[in-house]
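As a plain string of letters, each chain reads:
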Amino acid sequence: DLQVLNENPPPRWVEPNPSPEMIGHILSGLVTFLGLMPAAGLISRRLRLAGRLRGGYRWLRILAWAMPVGLVAVMFYFEPRGIEGLGQRIFVAMVLAWLLIAAHGLRKGAFGPGSEGKR
């Protein structure tokens, strides 16, 4: 969306009015990421209980805990400083890292039955 310079102190670029596209973007992001965080936590927990989080796959559990912390940091640390874009990219990098590790584990069968000895 087009942003305009707000002349009130402090000068900052702001959106004049939220467009329907911007509202859709915000809502879809909230639904996606707020739904993914509990799913990542539950999947990581289930894999840990099944004894399948060995080696590099322990990062799934660490990232599942880091995602909610990252979202809170975006809202309360990065956004007040005007660098929410940086915080959002760090958060998305954590989500993508979790997805890549999980996809790699699924691809090589690390989470299947009898995979306790595999790495």
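Everything numeric in this text was worked out from a predicted model, so none of it was measured. (Residues numbered from 1 in each chain as written. Predicted model: local features only at pLDDT ≥ 70, side-chain atom pairs only at ≥ 80, totals over all residues. Heavy atoms only, no water.)

K.L.:
Mind showing me how you'd approach the overall build of the protein here?
P.N.:
Per the secondary structure count, the protein includes three helices and two strands. In sequence order, the protein lays out its α and β elements as β-β-α-α-α. For the protein, the proportion of its 119 residues judged to be buried stands at 24%. In the protein, 55% of the contacts between residues at least 6 apart in sequence involve partners at least 24 apart. If you sum the accessible surface of the protein, you get close to 8400 Å²; carbon and sulfur atoms cover 66% of it. (Helix = DSSP H or I, 4+ residues; strand = E, 2+ residues; numbered from the N terminus. Buried < 20%, exposed > 50% of the residue type's maximum accessible area, 1.4 Å probe, protein only. Contact = heavy atoms within 4.5 Å. Areas by Shrake-Rupley, 256 points an atom, 1.4 Å probe, with all protein chains shown as cover.)

K.L.:
Help me understand the packing of aromatic side chains in this model?
P.N.:
Ring pairs (aromatic) are described by centroid distance and by the angle formed between their planes. With the rule as written, the count across this model stands at two aromatic pairs. Centroid distance F33 to F91: 5.1 Å. Interplanar angle 75°. Geometry classified as edge-to-face. Of this pair, F33 sits in helix α1 (residues 20-49) while F91 sits in helix α3 (residues 84-107); the two residues are 58 residues apart in sequence, bridging distant segments of the chain. On the accessibility criterion, F33 (26% relative accessible area) is partly exposed. (Phe/Tyr/Trp six-rings, centres within 6.5 Å; stacked < 30°, edge-to-face > 60°.)

K.L.:
What should I look at first to understand α1 in this one?
P.N.:
Note: α-helices contain 3.6 residues per turn, so residues at a spacing of three or four share the same orientation. Its 30 residues give α1 an end-to-end C-alpha distance of 44 Å, which sits within 8% of 44 Å, the value for a rise of 1.5 Å per residue. Of the residues making up α1, those classed as buried are M22, L36, M37, A40, S44 and L47. The elements touched by buried residues of α1 are α2 (58-78) and α3. Just beyond α1, the residue with positive phi is G51, at close to 75°. (Expected span 1.5 Å × (residues − 1).)

K.L.:
Quick question: what am I supposed to make of the side chain of S44 here?
P.N.:
With respect to the secondary-structure elements, S44 resides in helix α1. Given a relative accessible area of 1%, S44 falls into the buried group. Reaching out from S44, the side chain makes a polar contact with the side chain of W98 at a distance of 3.1 Å. Setting aside its immediate chain neighbours within four residues, S44 contacts L53, L60, R61, A64 and W98. (Polar contact = N/O pair within 3.5 Å; in protein donor to acceptor, adjacent residues only side chain to side chain.)

K.L.:
What is the right way to look at the nonpolar core in this model?
P.N.:
Side chains of nonpolar character tend, in soluble globular proteins, to be buried together. Counting 18 residues, the largest nonpolar core has L60, M67, F91, W98 and F111 as the members making the most contacts within it. Excluding residues that lie within four positions of it along the chain, M67 makes contacts with M37, A40, F91, M94, V95 and W98. (Core = buried A, V, L, I, M, F, W, Y, C linked by side-chain atoms within 4.5 Å.)

K.L.:
Explain the packing of α1 against α3 to me, please; I cannot follow it from the model alone.
P.N.:
Two numbers describe a pair of packed helices, the interaxial angle and the distance between the axes. Contact geometry of α1 with α3 gives a least axis separation of 12 Å together with a crossing angle of 40°. On the basis of the axis angle, α1 is oblique to α3. For the pair α1 and α3, the crossing hand works out as left-handed. Contacts between α1 and α3 involve F33, L36, M37, A40, I43 and S44 on the former and, on the latter, F91, V92, V95 and W98. Along the lines of polarity and charge, the residues of the contact of α1 with α3 split into nine nonpolar, one polar and no charged. (Axes fitted to C-alpha atoms, helices over the stretch in contact; angles between N-to-C directions. Parallel < 35°, antiparallel > 145°, perpendicular 65-115°, else oblique. Left-handed = near helix turned anticlockwise from the far one by under 90°. Nonpolar A, V, L, I, M, F, W, Y, C, P; charged D, E, K, R; others polar.)

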